[in-house]
Amino acid sequence: MIVLSLQSGTSADGIDVAVVEIEPARAPERASDATPLRLTPLHTSTVDWDPALRARILSVAAGEALDAGGWNRLTTELGQAFAEAAAGGIRASGATPELIVSHGQTVHHWVEDGHARGTLQLGEPAWIAERAGVPVLSDVRMADIAAGGEGAPLMAFFDRLWLGGEARGVGRTIATVNLGGIANVQLVGADGSVVAFDTGPGNCLIDAVVDRHSAGAQGYDEGGRLAAAGRVHEGLLAALLAHPYFAARAPKSTGRETFDLGVVDAALAAMAATAGGETGADPRGVLPVADLVATLTELTARTVVDALVDDAPVVLVCSGGGALNPVLLARIAQHATARGISVESSAARGLDPAFKESLMFALLGYCSRHGVPIELRPDPAGARVLGRFSPGPQPLDLPAPLAGVASIAIEHRTIEHRTDEHRTNGGATP
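Rules and cut-offs
- Residues numbered from 1 in each chain as written.
- Predicted model: local features only at pLDDT ≥ 70, side-chain atom pairs only at ≥ 80, totals over all residues.
- Heavy atoms only, no water.
- Buried < 20%, exposed > 50% of the residue type's maximum accessible area, 1.4 Å probe, protein only.
- Helix = DSSP H or I, 4+ residues; strand = E, 2+ residues; numbered from the N terminus.
- Arc of directions from axis to C-beta.
- Contact = heavy atoms within 4.5 Å.
- Polar contact = N/O pair within 3.5 Å; in protein donor to acceptor, adjacent residues only side chain to side chain.
- Axes fitted to C-alpha atoms, helices over the stretch in contact; angles between N-to-C directions.
- Parallel < 35°, antiparallel > 145°, perpendicular 65-115°, else oblique.
- Left-handed = near helix turned anticlockwise from the far one by under 90°.
- Nonpolar A, V, L, I, M, F, W, Y, C, P; charged D, E, K, R; others polar.

**Student:** Explanation requested: helix α1 (residues 51-61) in the structure shown.
**Tutor:** Structurally, the α-helix is built with 3.6 residues per turn, so residues lying three or four positions apart point the same way. Buried residues of α1: Leu 53, Arg 54, Ile 57, Leu 58, Val 60 and Ala 61, and no others. Along the long axis of α1, the arc covered by the buried residues comes to 165 degrees, so they all point the same way. Its buried side turned inward, α1 meets α2 (68-93), β4 (99-112) and α6 (204-213). The opening residue of α1, the one whose side-chain oxygen lies 3.1 Å from the backbone nitrogen of Ala 52, is Asp 50. Looking one or two residues past α1, Gly 63 carries a phi angle of roughly 110 degrees, positive in sign.

Structure representation (structure tokens):
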């Protein structure tokens with residue numbers, strides 16, 4: 001089965017497209033047995049958002065109020081952009097998918113009293129289904145939230161199937177971290193169980209500071225250059241680490257609505273006031289931007305590794321855009337190795353760190369199409385078939401359900417990764 005996945009993370013830095021072939025690695029002996037799967041990436045690419053549309057995404061995620069018409073236009077234009085990205089992925093891969101999975105663009109993750117109450121991803125899937133002519137699975141988080149879960153991190157089920165056998169074999173926990181806008185860790189235990197939660201900011205605060213400092217010309221700390229040039233300010237770091245989210249117990253989830261520029265500016269303003277500065281002064285000039293980025297990079301590294309202390313994993317496998325930042329990865333490695341935890345990129349295991357989430361969404365789609373409930377918590381009673389289908393031009397035809405998925409293996413294949421500029425034209429093109 002060929003699945004195309006679409007997703008844009010909390011940093012809204014582009015639409016990740018992956019075309020993945022998923023097939024049984026071998027047939028189960030009995031119909032009641034779970035099936036081991038093999039995933040083969042056929043194509044991956046990232047399509048840049050139109051700058052004006054990205055600016056609207058970030059404004060809404062930061063709390064900008066819209067009327068009903070504004071929400072309608074935004075989810076329509078995002079859906080059309082996802083449809084165009086899907087069409088490009090189909091052309092580039094030369095493969096026709098049987099299913100498209102669209103995570104959409106998260107603009108709000110509602111957490112109240114320490115638990116997720118709702119989540120909102122925009123990007124109307126009907127535009128994708130109509131353009132591609134195949135069913136689309138979307139809204140993949142809410143079923144877990146309605147069942148009492150956090151709706152995140154979705155990576156928990158992927159890592160259980162990918163690394164569970166290895167963890168049982170070595171008799172130790174294996175940890176992973178996905179360094180997206182928000183960082184999340186997965187702790188795959190020696191018994192095959194998984195505990196997963198958001199640790200806090202991954203790249204989102206770094207990106208926001210760099211974007212503001214460059215007036216939108218640069219959206220992230222490329223190559224970690226600013227962090228490398230700066231010094232960590234221990235006072236600011238202590239103020240940031242005092243955020244109540246870090247003390248909250250897992251499982252927990254968070255988003256950009258919790259960790260935004262307001263958190264950074266409040267810490268800077270408090271630091272300036274403590275140093276005898278003027279109360280209410282603009283906090284942006286308190287520290288050189290390189291020192292600020294270095295401090296935020298240290299914040300991510302420290303909170304990721306602190307989240308692992310109680311479980312003593314043998315290794316931490318890193319993925320996501322932050323895994324391509326050598327300074328962030330080095331800081332994580334320094335803190336982790338001091339605690340006896342080795343650190344490696346998922347690339348060492350044949351999985352491109354920039355597209356691990358894309359493979360996860362493709363697998364999620366395969367599971368939902370085959371009626372396989374997905375367990376995001378160590379509670380089988382909470383497992384649910386995730387997402388909702390938009391059939392497209394043809395009636396929805398689902399195969400017979402599978403008994404389950406036993407494990408996954410990633411087929412190593414060298415493929416070309418592309419980054420394309422995405423221009424919207426106000427509607428889906430034929």
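Next comes the rest of the description.
**Student:** What am I meant to see in the packing of α1 against α2 here?
**Tutor:** In helix packing, the relevant descriptors are the interaxial angle and the interaxial distance, both defined with respect to the helix axes. Axis separation between α1 and α2 bottoms out at 11 Å; the angle between their running directions is 130 degrees. As far as their axial angle goes, α2 and α1 are oblique. The two elements α1 and α2 cross, and the hand of that crossing is left-handed. Contacts between α1 and α2 involve Leu 53, Arg 56, Ile 57 and Val 60 from the first element and Trp 71, Arg 73, Leu 74, Glu 77, Leu 78 and Ala 81 from the second. A class-by-class count of the residues in the contact of α1 with α2 yields 7 nonpolar, no polar and 3 charged.

**Student:** What's the story with the environment of Thr 295 in this structure? I'm lost.
**Tutor:** Tracing the chain through its elements places Thr 295 in helix α11 (residues 289-306). Sequence separation between Thr 295 and Gly 230 is 65 residues, and the spatial gap between their C-alpha atoms is 8.2 Å. Dropping the residues within four chain positions of it, Thr 295 is found in contact with Arg 231, Val 232, His 233, Leu 236, Leu 237 and Leu 240. Engagement of the side chain of Thr 295 in a polar contact is seen with the backbone nitrogen of His 233, the distance being 2.9 Å.

**Student:** Where do I start with unusual backbone geometry in this structure?
**Tutor:** Comment: phi is negative for the bulk of residues other than glycine, and the bulk of peptide bonds are trans. For the bond running from Ala 152 to Pro 153, omega is -10 degrees, close enough to zero to count as cis. Along the polypeptide, Pro 153 turns up in the loop between α4 (142-146) and α5 (155-170). For the bond running from Ala 250 to Pro 251, omega is 5 degrees, close enough to zero to count as cis. Inspection of the secondary structure puts Pro 251 in the loop between α9 (244-247) and α10 (261-274). Of note in this structure, Ala 12 is not a glycine but carries a positive phi near 50 degrees. With respect to the element layout, Ala 12 can be found in the loop between β1 (2-8) and β2 (15-24). Even without being a glycine, Asp 139 presents a positive backbone phi close to 50 degrees. Relative to the helices and strands, Asp 139 is located in the loop between β6 (136-138) and α4.

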